[in-house]
Amino acid sequence: MAKVIEGLCYSESHEYVKVEGNFAYIGITDYAQHALGNIVYVDMPEVDDEVTAEEDFGAVESVKAASDLISPVSGTVVEVNSDLEDQPELINQDAFANWIIKVELSDKSELEKLMDAKAYEAFCENN
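Here is what the cut-offs are and how they apply
Residues numbered from 1 in each chain as written. Predicted model: local features only at pLDDT ≥ 70, side-chain atom pairs only at ≥ 80, totals over all residues. Heavy atoms only, no water. Helix = DSSP H or I, 4+ residues; strand = E, 2+ residues; numbered from the N terminus. Buried < 20%, exposed > 50% of the residue type's maximum accessible area, 1.4 Å probe, protein only. Polar contact = N/O pair within 3.5 Å; in protein donor to acceptor, adjacent residues only side chain to side chain. Pairing = 2+ DSSP bridges. Phe/Tyr/Trp six-rings, centres within 6.5 Å; stacked < 30°, edge-to-face > 60°. Lys NZ or Arg CZ within 6 Å of the ring centre and 35° of its normal.

1. Some words on the environment of Asp94
Mapped onto the elements of the fold, Asp94 is located in the loop between α3 (90-93) and β9 (101-105). A relative accessible area of 27% means that Asp94 is categorised as partly exposed. The spacing of Asp94 and Lys64 is 30 residues in sequence and 19 Å in space, taken between C-alpha atoms. One polar contact links the side chain of Asp94 to the main-chain amide nitrogen of Ala97, over a distance of 3.2 Å.

What follows is the structure in structure tokens.
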């Protein structure tokens, strides 16, 4: 069973959101990195780009497939995880420690549409 962390929010497209105040760290879940296999490239937006809930903001490429990254929330990118440019495999090592982008949230109510850890575990088991 893939690792799921309590206290995070999860989307049906297998991104997680770690909220700290007005900011959200967004990455892919352990379930997603297992499904993708060895990650070889992460396509990320630029700082100051806007992301919109339920729209793509980049992609993750593995030896098996490429997968769009779908933003669970809307906001402005304030930081990208530059470590992933040279070491995309960090996501395979620990998906939750290696977030992809940090955004300043524009609408915190969007978080209410996301799943908690228990709901996400059930979602993964049923798909």
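2. Topic: the pairing of strand β8 (residues 75-80)
Strand direction decides the pairing type here: strand β5 (residues 50-51) and β8, joined by two bridges, are antiparallel. In the strand pairing of β8, Val51 is matched with Gly75. Bridge analysis of β8 against β9 gives five bridges, and the strand direction is antiparallel. Bridge assignment links Gly75 to a residue of β9, and that residue is Leu105.

3. A word on the packing of aromatic side chains
Under the defined criterion, the tally for this structure stands at five aromatic pairs. Centre to centre, the rings of Tyr120 and Phe123 are 6.4 Å apart; their planes meet at 25 degrees, and the pair counts as stacked. Here Phe123 and Tyr120 lie together in helix α4 (residues 117-125), a separation of three residues that amounts to about one turn. A single burial state applies to Tyr120 and to Phe123, both of which are buried. By the ring-pair criterion, three or more aromatic residues cluster together here, those being Tyr10, Tyr16, Phe96, Tyr120 and Phe123. Taking NZ or CZ as reference, Lys18 lies 6.0 Å from the ring centre of Tyr25, over its face. Directly above the ring of Phe23 sits Lys102, whose terminal nitrogen or CZ lies 4.8 Å from the centroid.

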